[in-house]
Amino acid sequence: MTTERTDVLVVGGGPVGLFLAALLAARGVDVRVWERRSGPPTGSRAIGIHPPSLDAFAAIELDTRVLAEATLVRTGVARSRGRTLGTLTFDRASDTHPYVATLDQHRTEELLRDRLEQADPGALRTGTTLTALTRHRDHVDAVGTGPDGGSVALRAAFLVGADGARSVVRDLLGIGTSGRDYPDRYVMGDFADPEDPAARTAALVDVGPDGVVESFPLPRGRRRYVALVPDDGFSGSAAAGGTAPDPARARRLAGIVSDRTGVAPDPTTCSMLSGFRVRRRAADRVGVGRVVLVGDAAHEISPIGGQGMNLGWLDAADLAPLLVGAVRTGVAGPWPAYAERRQAAARRAARQAEANMALGRPLDPVRTAGREALLRTVLSLPTAHGLARLYAMRWA
Ligand SMILES: Cc1cc2nc3c(=O)[nH]c(=O)nc-3n(C[C@H](O)[C@H](O)[C@H](O)COP(=O)(O)OP(=O)(O)OC[C@H]3O[C@@H](n4cnc5c(N)ncnc54)[C@H](O)[C@@H]3O)c2cc1C
C-alpha cells in the first residue's frame with residue numbers, strides 16, 4: 001500500500017464534490033477526489049440550476065458550458081385542474097441570469113468532471129471508496145479500497161466529506177443528524193414535451209384537488225413530470241425500476257398527469273421513471289478539526305423545490321476560499337462561521353420545500369377552491385416578483 005499526499009482530499013465525486021475540487025484546482029490547490037462509482041455519471045435526479053449557482057460557476061467558466069446545453073425556464077405558471085391561476089416571471093430574479101437552467105444531473109456531472117480534468121488531470125479517482133480516516137493535529141490519513149479491490153491510502157492536509165446523504169465521512173467522525181421523514185411519495189418521469197409550444201419555457205405547477213403535478217422543460221424537447229402519488233406502492237416500485245422505465249408504470253404516470261392537468265404525455269416516449277420519498281436531515285456538526293462536510297452530507301432537503309444540489313454548490317463556493325487560505329497557512333479554517341451560514345441557508349431552503357409540499361397536497365373541493373383563490377390573489381400582487389426571487393434562490 002502506497003501513501004500519497006495531497007492538500008485536500010474530497011470524498012465523493014457527485015456534483016458538489018466535483019465543483020469544490022474544480023474550484024480548488026483552479027486556485028492551484030493540489031486536490032484528489034475519491035469517488036466510489038467506477039463508471040460515468042448516470043441518472044437524472046436534479047435538473048434545476050439556479051442563478052446563484054450559475055454565478056458561482058463563472059469562477060471556473062462552467063456557466064457558459066452549462067448554458068450551451070441547458071434549457072432556460074423563464075416563467076413559472078400556477079394552475080389548478082388545467083386552468084391558469086397566475087404566472088411568475090424570473091426576469092427580475094437576477095441581473096446576470098434571469099431564468100432557471102435545466103440540465104440532467106448526469107450531464108452536469110460530466111461537465112464538472114471535464115472541468116476538473118482540465119484543471120488537474122488525474123485528480124478524480126473513480127472506483128475508490130473511503131473506508132477509514134484518522135485525524136491528526138496537522139493532517140488527516142484516509143484509507144480506502146481502490147478500483148482493483150486493493151487498499152489505497154492518502155495523507156491530506158484537509159479532508160472534505162462530499163459523500164452524500166448517507167455520508168461515511170460523517171459516520172466515521174461520529175456526527176449525528178436530526179430531521180424528519182415526510183409522508184409524501186412522488187413519482188417523476190421524463191417524456192417528450194406534450195405542452196403547448198407557448199409553455200415550452202415554463203415550469204408548470206398544477207395544484208388540483210388530487211395532489212400536485214409539477215413539470216419542467218428539459219433539453220432535447222423533453223419535459224420532467226413530478227406527481228404526488230397515493231401511498232399504494234406505485235412510487236416505491238417505480239424507484240426500483242431505475243432508469244429503464246417500466247411501460248405499465250410510464251402509462252400510469254402519464255394517466256395521472258392527464259387526469260389532473262388535461263395534458264397527456266405519450267408514455268412510449270418515457271425515457272426515465274423513478275419514485276422517491278422525502279426527508280429532511282441536518283448534520284449536528286459540519287466541521288471537526290481538518291475535516292468539513294458539504295452538500296447532502298451536511299444537509300438533505302426535500303427535492304420539491306429543486307434546491308438541494310444548488311445549496312451544495314453554494315456551500316462549495318463559500319468553502320473553497322476558506323480551504324485555499326487554510327492550505328496556505330496550515331491552520332484549520334473558520335468552520336463554525338461557515339457552518340452557521342450554510343446550515344442557515346439549508347434551513348431556509350428546507351422550510352421553502354416544506355411550504356411547496358404543503359401547497360401540493362390533496363384537498364377536498366371547498367378547500368381546493370380556497371387555495372385557488374389565494375394563489376390567484378398572491379400571484380396578481382405587485383410583490384409577486386419577490387416569490388420568483390425565492391424560487392430562484394436569490395437569498396442563498
Ligand atoms: C428525485 C430527486 C430530484 C432532485 N432534484 C433536484 C433539483 O432539481 N435541483 C436540486 O438542486 N437538487 C435536486 N435534488 C437533490 C440533489 O440530487 C442532491 O442535493 C445532490 O445530488 C447532492 O449532491 P452531493 O454531491 O452532495 O451528493 P451526491 O449526489 O449524493 O454525491 C455523493 C457522491 O459520493 C459518492 N460516495 C458516497 N460514499 C462514498 C465513499 N465512502 N467513498 C467515495 N465516494 C463515496 C457517491 O457515489 C456519490 O457520487 C434532487 C434529489 C432527488 C432525489
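Residues numbered from 1 in each chain as written. Predicted model: local features only at pLDDT ≥ 70, side-chain atom pairs only at ≥ 80, totals over all residues. Heavy atoms only, no water.

Enquirer: Describe in detail the overall build of the protein, supporting the description with residues and values.
Expert: Within the protein, the regular secondary structure consists of eleven helices and 19 strands. The C-alpha radius of gyration computed for the protein amounts to 21 Å, which stays within 12% of the reference 21 Å derived for 396 residues, consistent with globular compactness. Across the protein, contacts joining residues at least 24 apart in sequence account for 74% of those joining residues at least 6 apart. When the accessible surface of the protein is totalled, it reaches about 16300 Å², and 52% of it is carbon and sulfur. In the protein, 50 positive and 44 negative side-chain charges are present, and the distance between their average locations comes to 3 Å. (Helix = DSSP H or I, 4+ residues; strand = E, 2+ residues; numbered from the N terminus. Rg over C-alpha atoms; globule rule 2.2 N^0.38 Å. Contact = heavy atoms within 4.5 Å. Areas by Shrake-Rupley, 256 points an atom, 1.4 Å probe, with all protein chains shown as cover. Lys, Arg positive; Asp, Glu negative; His and termini not counted. Charge placed at Lys NZ, Arg CZ, Asp CG, Glu CD.)

Enquirer: Kindly report on the layout of surface pockets, identifying the contributing residues and their values.
Expert: Of the pockets and cavities examined, the second largest pocket occupies roughly 200 Å³. As for the second largest pocket, its lining consists of 14 residues, and the residues nearest its centre are S44, D104, H106, R220 and R222. (1 Å grid on protein atoms, 1.4 Å probe; cavity = no way out; pocket = protein on both sides within 12 Å on 5 of 7 lines; lining within 4 Å. Points joined across faces, edges and corners; volume = space filled by probe spheres on them.)

Enquirer: Describe the site of the ligand, naming the residues involved and giving the relevant values.
Expert: Contacts to the ligand come from 31 residues, most closely from E35, R45, D296, M309 and N310. Residue P15 places a main-chain N or O atom 3.5 Å away from an oxygen atom belonging to the ligand. Between a nitrogen atom of the ligand and a main-chain N or O atom of R36, the distance comes to 3.1 Å. Within the complex, 90% of the 1000 Å² of free accessible area of the ligand lies under protein. Elements with a contribution of two residues or more to the shell around the ligand: α1 (15–26), β2 (31–35), β9 (129–135) and α8 (308–329). At three residues, the largest contribution of residues to the shell around the ligand is made by α8. A per-class count over the shell around the ligand returns 13 nonpolar, twelve polar and six charged. (Near = heavy atom within 4 Å. Polar contact = N/O pair within 3.5 Å; in protein donor to acceptor, adjacent residues only side chain to side chain. Nonpolar A, V, L, I, M, F, W, Y, C, P; charged D, E, K, R; others polar.)

Enquirer: Got a sec to walk through the pattern of salt bridges? Specific residues and values, please.
Expert: Overall, the coordinates contain 24 salt bridges when judged by the stated rule. Measuring nitrogen to oxygen at the nearest pair gives 3.1 Å for the salt bridge that ties E109 to R37. Of this pair, E109 sits in helix α4 (residues 105–119) while R37 is found in the loop between β2 and β3 (48–49), placing the two residues 72 residues apart along the sequence. Assessed through its relative accessible area of 31%, R37 is described here as partly exposed. (Salt bridge = Lys/Arg side-chain N within 4 Å of Asp/Glu carboxyl O. Buried < 20%, exposed > 50% of the residue type's maximum accessible area, 1.4 Å probe, protein only.)

Enquirer: Quick one: what's the story with the sheet that holds β3, residue by residue and with numbers?
Expert: With antiparallel pairing, the three strands of this open sheet are ordered in space as β3-β7-β4. Because the sheet does not close on itself, it has two edges, and the strands there are β3 and β4 (71–73). As paired elements, β4 and strand β7 (residues 100–102) share three bridges and run antiparallel to each other. Residue pairing across strands places L72 opposite A101, the latter belonging to β7. (Pairing = 2+ DSSP bridges.)

Enquirer: Describe the confidence of the model for the protein, naming the residues involved and giving the relevant values.
Expert: Of the residues in the protein, 96% have a pLDDT of 70 or more, and the chain-wide mean is 93. Confidence drops under a pLDDT of 50 for residues 236–242, and excluding neighbours within four residues, the segment shows ten contacts in the predicted structure. (pLDDT = per-residue confidence, 0-100.)

Enquirer: How would you explain the packing of α8 against helix α9 (residues 335–359) if you had to name every residue and give the values?
Expert: Viewed as axis vectors pointing N to C, α8 and α9 meet at an angle of 170 degrees, and their least axial separation amounts to 10 Å. Considering the angle they form, α8 stands roughly antiparallel to α9. Contact residues: α8 offers L311, L314, D315, D318, L319, L322 and L323, while α9 offers W335, Y338, R341, R342, A345, A346 and A349. Looking at side-chain class alone, the contact of α8 with α9 contains ten nonpolar, no polar and four charged residues. (Axes fitted to C-alpha atoms, helices over the stretch in contact; angles between N-to-C directions. Parallel < 35°, antiparallel > 145°, perpendicular 65-115°, else oblique.)

Enquirer: An account of α4 is needed here, citing residue identities and associated values.
Expert: For α4, spanning 15 residues, the distance from its first C-alpha to its last is 21 Å, which sits close to the expected 21 Å at 1.5 Å a residue. Looking only at α4, the buried set comprises Q105, T108, E109, L111, L112, R113, R115 and L116. Residues of α4 that are buried in the fold lie against α1, β2, β3, α3 (62–69), β8 (124–126) and α8. (Expected span 1.5 Å × (residues − 1).)

Enquirer: With reference to specific residues and values, describe the pairing of strand β15 (residues 222–228).
Expert: Counted residue by residue, β15 has seven buried out of seven residues, so it is predominantly covered. Of the two faces of β15, the one lined by R222, R224, V226 and L228 and the one lined by R223, Y225 and A227 are each fully buried. The sheet contact formed by strand β12 (residues 177–192) and β15 spans seven bridges and is antiparallel. Bridge pairing in β15 places G189 opposite Y225. Pairing of strand β14 (residues 213–218) with β15 involves six bridges; the strand directions are antiparallel. Across the sheet, residue F216 finds its bridge partner in β15, namely R224. Where β14 folds back onto β15 in an antiparallel hairpin, the turn is made up of three residues, including R220, whose phi is positive at roughly 65 degrees.

Enquirer: Just give me the short version of the sheet that holds strand β6 (residues 83–89), but keep the residues and values in it.
Expert: Sheets are built from strands that pair by backbone hydrogen bonding, the pairs being arranged parallel or antiparallel. Strand order in the open sheet formed by eight strands is β6-β5-β13-β14-β15-β12-β16-β19, and the pairing between neighbours is mixed. Only two strands of the sheet have a single neighbouring strand rather than two, namely β6 and β19 (299–300).

Enquirer: If you had to explain the packing of aromatic side chains to someone new, which residues and values would you point to?
Expert: Per the stated rule, a full pass over the model turns up five aromatic pairs. Measuring from ring centre to ring centre gives 5.1 Å for F19 and F57, while their planes differ by 70 degrees; the resulting arrangement is edge-to-face. Taken together, the positions of F19 in helix α1 and F57 in helix α2 (residues 51–57) put the pair 38 residues apart, joining distant regions of the chain. A single burial state applies to F19 and to F57, both of which are buried. (Phe/Tyr/Trp six-rings, centres within 6.5 Å; stacked < 30°, edge-to-face > 60°.)

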